[in-house]
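So the chains spell out like this:
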Amino acid sequence: MVPQEGDRMATQALYRRWRPQTFDDVIGQDHVTQTLRNALATGRVAHAYLFTGPRGTGKTSVARILAKAVNCLAPEEQRPCNECRICRGMSDGSHLDLIEIDAASNTGVDDVRDLRDKINFSPNEARQKVYVIDEVHMLSNAAFNALLKTLEEPPAHALFVLATTEPHKIPETIRSRCQRFDFRRVSLQDIIGKLQRICEAEGVTAEPAALEAIARAATGSLRDSESLLDQLLAFTEDTITLEQVQALLGTVSGEAVATLVDHLIDRDTAAGLALINATVDAGADPRQFTRQLLEYLRGLLLLQAGDRGLVNVTDATLERMQAQVQRLPAPRLLKIIRCFAEADFDLKISAQPQLPLELAFVEMTLDATGQAPAREIPHPAFDTGTKKRSAGEPSPSPGRVAETRPRPAPVPKSANVAGKQPDVPADDEGEEPATHGEEGEAVPGPAGGSGAIDISMVKANWDELLTAIRPHSRMVEALLKDCIPIAAEENVVTLGFFYPFHRERVEEPKNKSLVTAMMERVLGTRVQVQCVMVDRSTAAQEVQKRRPKDKYQQAAEDPVIQAAVEKFGARIAGIESHPVAPEEERE
Ligand SMILES: [Zn+2]
């Protein structure tokens with residue numbers, strides 16, 4: 001295919017210049033073009049067609065080619081010739097017998113109303129007047145009525161092509177009067193092939209990975225891929241690189257996504273978090289990252305189901321994915337997909353876009369016992385003043401946790417319900433905060449004004465604190481949801497923030513006194529609140545730290561225990577978990 005009108009190349013958009021001009025030029029829609037060619041050859045062209053399918057798949061381009069083919073002056077087997085007067089006029093949109101209406105525009109409705117009045121006029125020059133109505137689902141009811149009346153008794157000289165991305169919005173009365181063609185998303189390989197031809201013709205080279213990234217981002221829309229390439233050509237001297245594409249799209253390299261999945265399989269928490277951080281620091285959008293990861297995981301799922309055909313990737317990637325599928329049992333893969341799908345949802349509402357992705361990753365690298373085996377979870381950059389665990393010591397275990405967040409954690413079979421105050425561990429100083437609240441250990445409640453508090457009490461009462469703050473300020477509540485209580489010493493409670501903006505808001509005198517007052521109420525003792533910045537990798541620890549509290553809460557919500565608390569003034573002193581048989585963790 002040769003671009004049209006070379007002299008205008010510099011100013012015309014790439015997708016217009018490379019618009020297919022013959023049925024052979026159309027990519028990935030052979031089922032449509034072959035049927036139309038047959039209809040033309042046998043003289044059985046219908047009076048009305050409905051072209052449906054995603055944007056940028058060639059609907060209006062095929063409509064134009066059809067318009068030219070039915071009117072071309074060349075011998076039948078050469079139509080459309082793209083050289084005769086009519087072909088050229090219809091190609092550049094100047095021919096009076098090709099009427100293109102954009103139903104999404106303001107004038108579209110009027111144009112359709114005019115149809116009924118003008119439809120009976122014969123073509124000016126062509127054999128048939130061709131009406132192409134794009135985005136036809138946007139028409140008003142009145143316009144649909146006008147169109148229907150026209151379609152009910154179409155004059156012999158009229159040919160209608162209705163194009164839409166949303167066929168279900170078109171009245172059945174109209175659909176039933178059209179011959180329908182469903183355009184498909186163009187395959188990755190086909191898009192890459194077309195982009196390659198364009199690059200060659202434009203005299204630029206492109207890294208194969210760059211073209212693949214463009215094609216992937218276009219999700220089956222040839223026009224979108226060409227628009228992206230157009231933007232890249234604008235600031236490319238001679239070679240289009242993957243880096244440029246990623247910078248333009250905010251996307252993550254396929255390599256990074258595949259490597260992250262390797263880390264997931266290996267349960268390599270540290271390497272995975274480092275990769276996420278490096279990728280986001282390099283400018284990738286965490287939402288985009290999560291979506292690409294989900295798309296990749298979906299591919300693994302399809303491969304596992306033996307459905308190679310539906311996995312739209314290059315051969316090299318396919319090979320790597322197949323190796324990963326071998327190492328990823330189906331139940332675990334399903335859990336991972338659910339978890340990241342949830343993270344994708346959380347990303348939409350999270351003030352810190354990276355955190356849900358990191359949390360999901362850490363959660364999915366923990367094994368059935370809630371541990372990240374073999375490797376350490378990174379420490380927070382902030383020094384909490386507590387003794388740091390040396391590399392040789394075992395990781396703190398928060399006990400068995402449920403891996404998939406939507407599923408409730410295993411309900412404790414028994415809880416020690418005792419009518420006494422909890423024992424506050426005496427040897428608290430110098431201990432790693434995360435070791436508090438382990439299975440069988442006491443989870444302290446409010447200190448009842450006795451004075452000394454520790455971090456585990458703050459954590460155990462965190463939700464109560466949020467509830468207390470909510471009626472006063474939803475904003476402060478939201479800010480606290482995005483921070484981590486990291487230390488409580490000498491009645492100074494230290495809150496860790498990920499973003500300076502969050503810290504500054506909480507430190508505003510009005511907000512800080514609210515937090516302090518509510519914390520004092522909940523903890524039953526005088527406190528000071530101090531706010532610090534923490535490294536984002538603290539998220540890794542946060543997942544583990546939250547577990548014991550969840551267990552405590554669950555026990556507190558148990559109706560039997562609630563009754564005991566009410567009747568006997570009992571307190572939950574500790575929780576013994578009877579592990580549930582790991583029926584979902586067959587690996
Ligand atoms: Zn022609």
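See the structure shown above.
Keep in mind that what you see is a predicted model, and the values were worked out from it rather than measured.

Peer 1: Account for the overall build of the protein, with residues named and values stated.
Peer 2: Helix and strand counts for the protein stand at 24 helices and 12 strands. Per-residue burial for the protein yields a buried fraction of 51% across its 587 residues. Of all intrachain contacts in the protein linking residues separated by at least 6 positions in sequence, the fraction that spans at least 24 positions is 73%. Within the structure as shown, the protein displays about 27,500 Å² of accessible surface, and the carbon and sulfur contribution to it stands at 50%.

Peer 1: Hey, could you go over the packing of aromatic side chains for me, with residue numbers and the actual values?
Peer 2: In this structure the tally under the stated criterion is 5 aromatic pairs. Both rings, one in tyrosine 49 and one in phenylalanine 181, keep their centres 5.8 Å apart while their planes meet at 20 degrees; by these two values the pair is stacked. Residue tyrosine 49 is found in strand S1 (residues 48-52), and its partner phenylalanine 181 is found in strand S5 (residues 179-182); the two are separated by 132 residues along the sequence. We classify tyrosine 49 as buried; its relative accessible area is 1%. Judged by relative accessible area, phenylalanine 181 falls into the buried class, the value being 7%. Here the aromatic cluster, defined as three or more aromatic residues joined through ring pairs, consists of Tyr49, Phe51, Phe181 and Phe183. It is arginine 223 that lies over the ring of tyrosine 15; its NZ or CZ is 6.0 Å from the centre.

Peer 1: Please provide a residue-by-residue account of the coordination of the zinc ion, values included.
Peer 2: Surrounding the zinc ion are the protein donor atoms Cys72 (SG), Cys81 (SG), Cys84 (SG) and Cys87 (SG), at 2.2 to 2.3 Å. The coordination sphere of the zinc ion comprises 4 donor atoms, whose angles at the metal cover 101 to 119 degrees; the geometry is tetrahedral. Positions of the donor residues of the zinc ion, expressed as sequence spacing, correspond to C-x8-C-x2-C-x2-C. Each member of the pair cysteine 72 and cysteine 81 is classed as buried.

Peer 1: Outline helix H22 (residues 509-523), supporting the account with residue identities and numerical values.
Peer 2: If you check H22, its first and last C-alpha atoms are 21 Å apart, about what 15 residues at 1.5 Å a residue would give, namely 21 Å. Residues of H22 that are buried: Asn511, Leu514, Val515, Thr516, Met518, Met519, Glu520, Val522 and Leu523. Packed against the buried residues of H22 are helix H18 (455-460), helix H19 (462-469), helix H20 (474-481), strand S10 (492-497), helix H21 (500-507) and strand S11 (528-533). In the segment just after H22, glycine 524 is the residue with positive phi, at about 70 degrees.

Peer 1: Please give an account of unusual backbone geometry that cites residues and values.
Peer 2: Here arginine 79 and proline 80 are connected by a cis peptide whose omega angle stands at -5 degrees. Within the fold, proline 80 resides in the loop between helix H3 (59-71) and helix H4 (85-91). Despite not being glycine, threonine 219 shows a phi value in the positive range, around 40 degrees. Along the polypeptide, threonine 219 turns up in the loop between helix H9 (208-217) and helix H10 (222-234). A positive phi is found at asparagine 491, a non-glycine position, where the angle reads about 65 degrees. Position of asparagine 491 relative to the elements: it lies in the loop between strand S9 (483-489) and S10.

Rules behind the numbers
Residues numbered from 1 in each chain as written. Predicted model: local features only at pLDDT ≥ 70, side-chain atom pairs only at ≥ 80, totals over all residues. Heavy atoms only, no water. Helix = DSSP H or I, 4+ residues; strand = E, 2+ residues; numbered from the N terminus. Buried < 20%, exposed > 50% of the residue type's maximum accessible area, 1.4 Å probe, protein only. Contact = heavy atoms within 4.5 Å. Areas by Shrake-Rupley, 256 points an atom, 1.4 Å probe, with all protein chains shown as cover. Phe/Tyr/Trp six-rings, centres within 6.5 Å; stacked < 30°, edge-to-face > 60°. Lys NZ or Arg CZ within 6 Å of the ring centre and 35° of its normal. Donors = N, O, S within 2.8 Å, 3.2 Å for Na, K, Ca; no water. Tetrahedral: all angles 85-135°; square planar, octahedral: opposite > 155°, others 65-115°. Expected span 1.5 Å × (residues − 1).

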